[in-house]
Amino acid sequence: MTKFQEKAQILDRQELAAGVFRLTLHAPLIAGSAHPGQFVMVRVGELFDPLLRRPFSIHQVAAGGDLQLLFKVVGRGTGCLARMEPGREVDLLGPLGRGFRLQREDPVCLVGGGMGIAPLYFLGKRLLQHARLPEFDPVLLGAVSQQELALLADDFFGLGYDVRTATDDGSLGHHGFVTDLLDAVLPRVSKVYVCGPYPMMRIAAAKCLAAGVACEVSLETHMACGLGACLGCTVQAQEGYAHVCIQGPVFEATEVAWQ
Amino acid sequence: MTAQYDDIDLRVRIGPLRLRNPVLTASGTFGYGREFADLVNLHRLGGVVTKGISLVPRPGNPPPRIVETACGMLNAIGLENVGVEEFIRRKMVFLRSAGTRVIVNILGDSVDDYARLAARLTGIEGIDALEINISCPNVKKGGVAFGTVPEMAAAVTGAVRAATDLPLIVKLSPNVTDITRMAAVVEEAGADAVSLINTLIGMAIDCRTRRPRLANVIGGLSGPAIKPVALRMVWQVARTVSIPVIGIGGISRAEDALEFLIAGATAVQVGTANLYQPSAAEEIITGISSYLREQGEAAVRDIIGTLQLEGG
């Protein structure tokens, strides 16, 4: 798949909750060829500090060549990006990596935790392009609190999915881990797509394995190039090391050597 | 489109190796070339230096392998590579067609490893030169000694020299007391050129967990942070040896490359900048042409080593 380097103008910046941002960028080359689960490398400034690009999964693409990123400010890179005003341009590389394999017919389940929800929305939209009944597809979403989760959950409701929520503080939906919700739905789905914090994905992967249900996970690591050149974004896989930027970020859960 | 300056002569010679311009991509930052094929016009580059190749494939170090630091990054990749046979069978197929010079970086655990690698790569179509990596800081075996003990560096260089007629570049470590001595001994042992610097050994700690940020604990520092150190060493080495010097270290824009050329480098390698700005090497080539035009220079070789010192 062709990769592009593209100057993208920031069209809109929404602060969904404290420190959680959704940026809309105009990047027609990347948006036009992106597949759910793929990511972009974003240069957050022109200077040398921070030096490296930051990887962000693609939250959604829209007709006309727009692309959205969803992120929480966790460090200097995300801090720089969050301060960029609409009208500014950022340099993107993408679309990168191997995305989700689309299940066209049988019911599937999407499980997202925190900012791991980002690529699942793109996936949820793309799955609908293949005639399916989203009310039979459970979407399990977890976050710290209602404040962080409510708007994102509404997006999936809007697509017609069977949305169930969990929060750490009990302010929305189930009080506890989002993976607690998985047991009830596993018997009636053929595949589970997971993105979120590592411990959450490990639990989801174990539950799917026990139930004999296929599971794909989207992994996150520190990355320098995103292109498979530096070999810095290594994870332990069943068969030696794997590189998240080119062999992933989406892996079959059984490919990963869970720590 | 990038402006072309057809009237400016960018050609340089690294011993027997002729380059269309003095800008190469540094080993370990450009994969095997193909990774950048969508993003970079490879045929515009002076050449590509491949990821370091060993006799047998290496898995590399456990993660985490990289961490960003102020204006730079630390890496402890651990020489992960596909091994020489896979390199020849698979990676060279693309590189041969890329329309640029191919310099293969080689590494080993023994003098014999280096000699066998050099012999194996000699005569393979499309390989224009070898760069001997005697300076990677990330392997626990004896590899480091090749880059820090002059007699060992000379032994490796001599063995490779005897095994191949390919142009031979020796990549020097900055983690030594006197880099000019290392340069002098490898020149004496038959190197056609030296390239410097490899990464500076460093480390970073997560204060919250009190753990090192790299699984290998220490790693190699690269990026703009190391440029002044690299420039100083290139200047010193260029005054010491009579073979060409290739400058490496934090080069990310044309001005950086020009500083190295003025200090005495005949060519430069762009490293970490490839990772965050794949177009860096091409932009540097264009920028060098613009500079030469502004300065009224017809050829890049006319500015090499033209540092003006007080009192001449």
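Before reading on, note that the structure itself is shown above.
Residue numbers restart at each chain and count upward from 1, following the sequence in its written direction. Chains and ligands are labelled sequentially in the order written, the chains with letters from A and the ligands with numbers from 1. Residue-level local features of this predicted model are given only where pLDDT is at least 70; pairs of side-chain atoms are given and counted only at 80 or more, and the full residue set underlies all totals for whole chains, interfaces and linings. Calculation of side-chain values draws on the structure's entire complement of heavy atoms; hydrogens and water are dropped beforehand.

Section: the overall build of chain A
- Secondary structure elements follow DSSP: runs of H or I no shorter than four residues count as helices, runs of E no shorter than two count as strands, and numbering proceeds from the N terminus. For chain A, the helix and strand inventory stands at seven helices and 16 strands.
- Against the 2.2 N^0.38 benchmark of 18 Å for 259 residues, chain A shows a C-alpha radius of gyration of 17 Å, consistent with a compact globule.
- With respect to the three principal axes, the spread of C-alpha positions in chain A is 50 × 40 × 35 Å.
- Taken over 259 residues, chain A has a buried fraction of 58%.
- By the convention used here, residues are in contact when the closest approach between their heavy atoms is within 4.5 Å. Here the analysis covers contacts within chain A between residues at least 6 apart in sequence; of these, 67% occur between residues at least 24 apart.
- Each accessible area is a Shrake-Rupley result for a 1.4 Å probe, and residues are judged covered by the shown protein chains and nothing else. Carbon together with sulfur atoms contributes 54% to the accessible area of chain A, which is approximately 10100 Å² in total.
- The average position of the 22 basic charges and that of the 26 acidic charges among the side chains of chain A differ by 5 Å. We compute the radius of gyration from the C-alpha atoms alone; for a globule the expected value is 2.2 Å times N to the 0.38, where N is the number of residues. Only protein chains enter the accessibility calculation, which uses a 1.4 Å probe; a residue is then buried when its area is under 20% of its type maximum, exposed when over 50%, and partly exposed in between. Note on charges: Lys and Arg go in the positive column, Asp and Glu in the negative column, and His and the chain ends are not counted at all. Charged side chains are reduced to one point each, which is NZ for Lys, CZ for Arg, CG for Asp and CD for Glu.

Section: the overall build of chain B
- Helices and strands together make up the secondary structure of chain B, namely nine helices and 16 strands.
- Here the C-alpha coordinates of chain B stretch approximately 50 × 50 × 45 Å along the principal axes.
- Of all 312 residues assigned to chain B, the portion counted as buried reaches 61%.
- In chain B, once contacts between residues fewer than 6 apart in sequence are set aside, the share between residues at least 24 apart is 72%.
- Carbon and sulfur atoms form 51% of the exposed surface of chain B, whose accessible area is close to 12200 Å².

Considering helix 5 (residues 179-188) of chain B
- Residues of helix 5 of chain B that are buried include every one of B:Ile179, B:Thr180, B:Met182, B:Ala183, B:Val185 and B:Val186, and no others.
- The positive-phi residue at the C-terminal boundary of helix 5 of chain B is B:Gly190, with phi of around 115°.

Quick look at empty space enclosed by the protein
Residue and element names in this part refer to chain B.
- The definitions used throughout rest on a 1 Å grid laid over the protein atoms alone, on which a cavity is an enclosed set of points accommodating a 1.4 Å probe that cannot get out and a pocket is an open set flanked by protein within 12 Å on both sides along at least five of seven lines; lining residues are those having an atom within 4 Å of a point. Grid points are joined across faces, edges and corners, and a volume is the space filled by probe spheres set on the points. Applying the stated rule across the entire model yields two cavities of 30 Å³ or more.
- By volume, the largest cavity is sized at about 470 Å³.
- In this structure, the largest cavity is lined by 32 residues; those nearest its centre are Ser27, Thr29, Asn75, Asn198 and Thr199.
- Looking at which element gives the most residues to the lining of the largest cavity, the answer is helix 8 (residues 272-276), with three residues.
- For the lining of the largest cavity, the residue count by class is 13 nonpolar, 17 polar and two charged. Following the grouping adopted for this structure description, the nonpolar residues are Ala, Val, Leu, Ile, Met, Phe, Trp, Tyr, Cys and Pro, the charged ones are Asp, Glu, Lys and Arg, and the polar ones are all others, Gly among them.

A word on the packing of aromatic side chains
- A pair of aromatic rings is counted whenever rings of Phe, Tyr or Trp (Trp by its six-membered ring) have centres within 6.5 Å, and the orientation is called stacked for planes under 30 degrees apart, edge-to-face for over 60 and tilted otherwise. As enumerated under the stated definition, the model contains eight aromatic pairs over all chains in all.
- Between A:Phe100 and A:Tyr193 the ring centres are 5.4 Å apart and the planes differ by 85°, which places this aromatic pair in the edge-to-face class. Linking A:Phe100 in the loop between strand 7 (89-96) and strand 8 (108-113) with A:Tyr193 in strand 12 (residues 191-195), this pair joins segments that are 93 residues apart in sequence.
- For A:Tyr193, a relative accessible area of 0% corresponds to the buried category.
- Arranged with centres 5.5 Å apart and planes meeting at 85°, the rings of B:Tyr114 and B:Phe146 form a pair that is edge-to-face.

Some points on the packing of helix 2 (residues 111-121) of chain B against helix 4 (residues 150-163) of chain B
All names here are of chain B.
- Between the N-to-C directions of two axes lies an angle of 0 to 180 degrees, each axis being a line fitted to C-alpha atoms and, for a helix, fitted only over the stretch in contact. Their axes nearest at 8 Å, the elements helix 2 and helix 4 cross at an angle of 25°. It follows that helix 2 is roughly parallel to helix 4 by the angle criterion. Regarding helix 2 and helix 4, the two cross each other, and that crossing is right-handed. Listed contacts from helix 4 to Val111, Tyr114, Ala115, Ala118 and Ala119 of helix 2 are Ala155, Val156, Ala159, Val160 and Ala163.
- Here the contact of helix 2 with helix 4 is built from residues that sort into 10 nonpolar, no polar and no charged. Angular relationships are summarised with four words: roughly parallel below 35 degrees, roughly antiparallel beyond 145, roughly perpendicular across 65 to 115, and oblique for the angles in between. What makes a crossing left-handed is the near helix being turned counterclockwise from the far one by less than a right angle; a clockwise turn instead makes it right-handed.

Concerning the environment of B:Ile103
All names here are of chain B.
- Relative to the helices and strands, isoleucine 103 is located in strand 7 (residues 101-106).
- Sequence separation between isoleucine 103 and proline 150 is 47 residues, and the spatial gap between their C-alpha atoms is 24 Å.
- Filtering out sequence-adjacent residues up to four positions away, isoleucine 103 remains in contact with Leu17, Leu24, Val48, Val49, Thr50, Ala129, Leu130, Glu131 and Ile169.

Points about the packing of helix 5 of chain B against helix 6 (residues 227-240) of chain B
Residues and elements named next belong to chain B.
- Orientation of helix 5 relative to helix 6, taken along the N-to-C sense of each, is 40°, at an axis distance of 9 Å. Taken together, the axes of helix 5 and helix 6 are oblique relative to one another. Like other packed secondary-structure pairs, helix 5 and helix 6 cross with a definite hand, here right-handed. Packed against helix 5, whose contacting residues are Ile179, Thr180 and Ala183, the element helix 6 presents Met233, Gln236, Val237 and Thr240 at the interface.
- Partitioned by chemical class, the residues of the contact of helix 5 with helix 6 number four nonpolar, three polar and no charged.

A few points about the environment of A:Leu93
- Along the polypeptide, A:Leu93 turns up in strand 7.
- The buried category is assigned to A:Leu93, whose relative accessible area is 0%.
- It is 9.5 Å that separates the C-alpha atoms of A:Leu93 and A:Cys225, two residues lying 132 residues apart in sequence.
- Discounting chain neighbours no more than four positions away, the residues touching A:Leu93 are A:Phe4, A:Gln5, A:Ile30, A:Phe39, A:Val40, A:Met41, A:Arg53, A:Cys225, A:Leu227, B:Leu39 and B:Pro278.

Examining the pattern of salt bridges
- The rule for a salt bridge is simple: a side-chain nitrogen of Lys or Arg has to be within 4 Å of a carboxyl oxygen of Asp or Glu. The tally for this structure, following the rule as stated, stands at 31 salt bridges over all chains.
- Two residues, A:Asp91 and A:Lys7, come together in a salt bridge whose shortest N-O distance is 3.2 Å. With a gap of 84 residues between them, A:Asp91 in strand 7 and A:Lys7 in strand 1 (residues 4-17) connect regions that are remote in the sequence.
- Here B:Arg181 makes a salt bridge to B:Glu151, at a shortest N to O gap of 3.8 Å. Separated by 30 residues along the polypeptide, B:Arg181 in helix 5 and B:Glu151 in helix 4 bring together distant segments of the chain.
- For B:Glu151, a relative accessible area of 53% translates into the label exposed.

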